[in-house]
Amino acid sequence: MSWHGLVLRELRHRWANAALAVLGLSVGVGMLVTLQMLATAAERETRRVARDMGFNLRIIPRDTDIGRFHELGHSDRTLPEEASARLAAGAGTFVSFNHLTPTLERWTNVLGKDVLVTGLGAAITGPGEKKSPMGFTVGNGNVQLGHAVARRLGVKAGGTVEWMGRGMRVEKVLAEAGTVDDLRAYVSLADAQSMLGLGGRISEIRAIDCLCLTADKDPLGQLREALARVLPEAQVLQLRVMADARAKQRQASERFAALATPMVLLVAGAWTGVLAFLNVRERRPEIGVWRALGHGAGRVSALFLGRALVLGVAGAVVGAVLGTWAGLTWGPWMYPVTGGVIGVDWALMARVAWWTPAFAAMASLVPAALAVAQDPAETLRTD
Amino acid sequence: MIACTGLTKVYRTRDGGEAGIRDVSMEARGGEWVLVRGPSGCGKSTLLLALGGMLRPDGGEVRLGGLDVYGMGPAERARLRAGSVGFVFQLFHLVPYLTVRENVMCGALDGGVAARGRAEALIEELGLGGRREALPGTLSAGEKQRTALARALVGGPMVLLADEPTGNLDPGHSRVVYERMARFRKDGGAVVMVTHGADANGFATRIVEARGTGAPFGFGVAANGTRHGGGL
Ligand SMILES: Nc1ncnc2c1ncn2[C@@H]1O[C@H](COP(=O)(O)OP(=O)(O)OP(=O)(O)O)[C@@H](O)[C@H]1O
Ligand SMILES: [Mg+2]
């Protein structure tokens, strides 16, 4: 009888143990796969949500008076526009921060109303980062109006406003925000500079914490260092609330994974280990017979190894399929924003395909090897 | 062919007593059938397992075909068992998920065509022809015992060690078994059989009686029922 024939016959004979072992392995593998997929989705979701919360870093001229800054909501000093490119080129900038957006903000009077003109330049993103613009961009000659501004001026999207001797097309009226944003008029940086007579100047560089570094690595400290090196004329302010919200969301999902993963490993491992142990114990007389008939220790151990490999592979396949299915089914429900891009993690699959059989083999090889090493007469004694 | 000298294997029992065998010496040459007789619990199975290289004794020596069975490593001993020893266990110990035919084949390590032929012949001779595809769980005790004998013989051993090989057989089937064992002996093999019954007496060339009833003890050796003083 061939070696694999023996393995398969035994599996069929003790199918209940085999089925339970596959069940335990596949539930464990499935949960790990799902957890991993959801953790990736959570991470992505955190970033997306964080990004949608807007810029949380404001890099402003060093000589800005902070009292004045908070009174106005922007710096009344300026930096040269090329400062953003210089900062972007500085080493270490993109390690923790992204979407450097040169901005020029000033309060002005348009047709007798106070308006916070906000000129947005093109965002500079880190290498390898998708070029998707943060928030939005405004083309030259266009304006996006805050809710209150549009109401006061009595204009709607698609209309035009006569402004500083120019006709600007109202591209969009923004939804009511309940903040100073309702008083903004977003224009392109170039338009803002020419309107305000501040050619080549910006009042700040907005940026976003990319959440690439954990808090213990002090991302803000790193940015301050980069700033001191390449842009000594600037300082950085962080919108704490936003940063904390991001960090907490991220930590929550990390902690969940950190707790759930070892628990799943422990339960599935114990389950599989106990079943393997019971199988070996039940087969002690059989081990004794094989040994008594003169079969080598390696050959007998190989029966258990083969069994474990079959179960491990079956558990890995079933678990990977079920786990992936569960991840694809529930991922989009849990993470509506980024769930659509949840895909199969092939690297994880490769690890599962390797580790599950290896684990199953370990679980049965240890008791089997101990039994094989005994005198056949000892092993043959059943009770 | 197979011999032991001063063989001792003592078990400590729960109540502080001792069980097993002490200082047993005996021999079975090719063409001999040695019958070891004694009451239940006197250590017959212990002796046989130690003779077969499956139970390391506390003291004494076992020689098989001139080799010191416990002086070699476990792998070498396993090879010796595979090549030279056929064993019929008191409790049969068939592999539960293999058929009668496959269980018999387990006794032949090479599993080649010649072994398959020998297995078929043994199955027929021992009256198992109709049960060759049956699993042990569905066999009667007698059928299991005959399967175990076929497995012991299929590898063509030098020595056959049989532990109560007819304990569960009716007289007719016992006879079939004894005759097959006798043929093995006549072909030059050595048989050591342990039993507490007397029905194999006529087949044995020598009978060894347990010397006493209190355990542990050695065995007195008798040739054809005649009691001798010391161990052989
Ligand atoms: N592993 C062991 N541990 C403790 N005691 C043992 C062990 N094996 C055997 N014994 C004891 O040693 C004694 C001899 O056992 P053994 O099986 O050799 O007897 P036996 O002569 O074959 O008996 P039977 O005719 O009933 O088969 C018994 O009292 C038994 O309880
Ligand atoms: Mg016995």
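Details of the structure are given in the entry above.
Throughout what follows, the structure given in this document is the object of discussion. (Residues numbered from 1 in each chain as written. Chains lettered and ligands numbered in written order. Predicted model: local features only at pLDDT ≥ 70, side-chain atom pairs only at ≥ 80, totals over all residues. Heavy atoms only, no water.)

Quick notes on the overall build of chain B
Within chain B, the secondary structure is distributed over six helices and 11 strands. The globule rule puts the C-alpha radius of gyration for 232 residues at 17 Å, and the 17 Å found for chain B is close to it. Overall size of chain B, expressed as C-alpha extent along the three principal axes, is 45 × 40 × 40 Å. In chain B, buried positions account for 54% of the 232 residues. (Helix = DSSP H or I, 4+ residues; strand = E, 2+ residues; numbered from the N terminus. Rg over C-alpha atoms; globule rule 2.2 N^0.38 Å. Buried < 20%, exposed > 50% of the residue type's maximum accessible area, 1.4 Å probe, protein only.)

Details of the interface of chain B and chain A
Buried accessible area, meaning the area lost when the parts come together, often serves as the stated size of an interface. Opposite the 21 residues of chain B that make contact, chain A presents 21 residues. Between chain B and chain A, roughly 2000 Å² of surface is buried when both sides are summed, and carbon and sulfur atoms account for 62% of that area. Three residues stand out in chain B for area buried against chain A, namely M54, H93 and Y97 of chain B, and they jointly supply 32% of the buried area on that side. At the junction of chain B and chain A, the tally comes to one salt bridge. Taken together, chain B and chain A are joined by eight residue pairs in polar contact (both at pLDDT 80 or more). The dominant element in the side of chain B that touches chain A, judged by the number of residues it contributes, is helix α2 (residues 74-84) of chain B, at five residues. By residue class, the composition of the side of chain B that touches chain A is 13 nonpolar, three polar and five charged. (Contact = heavy atoms within 4.5 Å. Buried area = accessible area lost by both parts, 1.4 Å probe. Salt bridge = Lys/Arg side-chain N within 4 Å of Asp/Glu carboxyl O. Polar contact = N/O pair within 3.5 Å; in protein donor to acceptor, adjacent residues only side chain to side chain. Nonpolar A, V, L, I, M, F, W, Y, C, P; charged D, E, K, R; others polar.)

Quick notes on the packing of helix α4 (residues 113-125) of chain B against helix α5 (residues 141-154) of chain B
Residue and element names in this part refer to chain B. Contact geometry for α4 and α5: axes closest at 10 Å, N-to-C directions at 150 degrees. In terms of their interaxial angle, α4 and α5 are classed as roughly antiparallel. Crossing angle aside, the handedness with which α4 passes α5 is right-handed. Residues A115, R118, A119 and L122 of α4 lie in contact with α5, whose contacting residues are A150, L153 and V154. For the contact of α4 with α5, the class distribution of residues is six nonpolar, no polar and one charged. (Axes fitted to C-alpha atoms, helices over the stretch in contact; angles between N-to-C directions. Parallel < 35°, antiparallel > 145°, perpendicular 65-115°, else oblique. Left-handed = near helix turned anticlockwise from the far one by under 90°.)

Details of the sheet that holds strand β1 (residues 57-61) of chain A
Residue and element names in this part refer to chain A. The strand order β6-β7-β5-β8-β4-β3-β10-β1-β11 describes an open sheet built from nine strands, whose pairing is mixed. Two strands close off the open sheet at either side, each with one partner strand: β6 (160-163) and β11 (234-238). Here the strands of the sheet are splayed against their neighbours by 35 degrees on average, with no regard to which way each runs. Direction of pairing for strand β5 (residues 142-145) relative to strand β8 (residues 184-188): antiparallel, over a ladder of two bridges. Each residue of the ladder has a partner; that of L145, found in β8, is A185. Most of the contacts of helix α8 (residues 219-230) go to β11, to which it runs at about 165 degrees, and overall it touches β1, β3 (97-110) and β11. (Pairing = 2+ DSSP bridges.)

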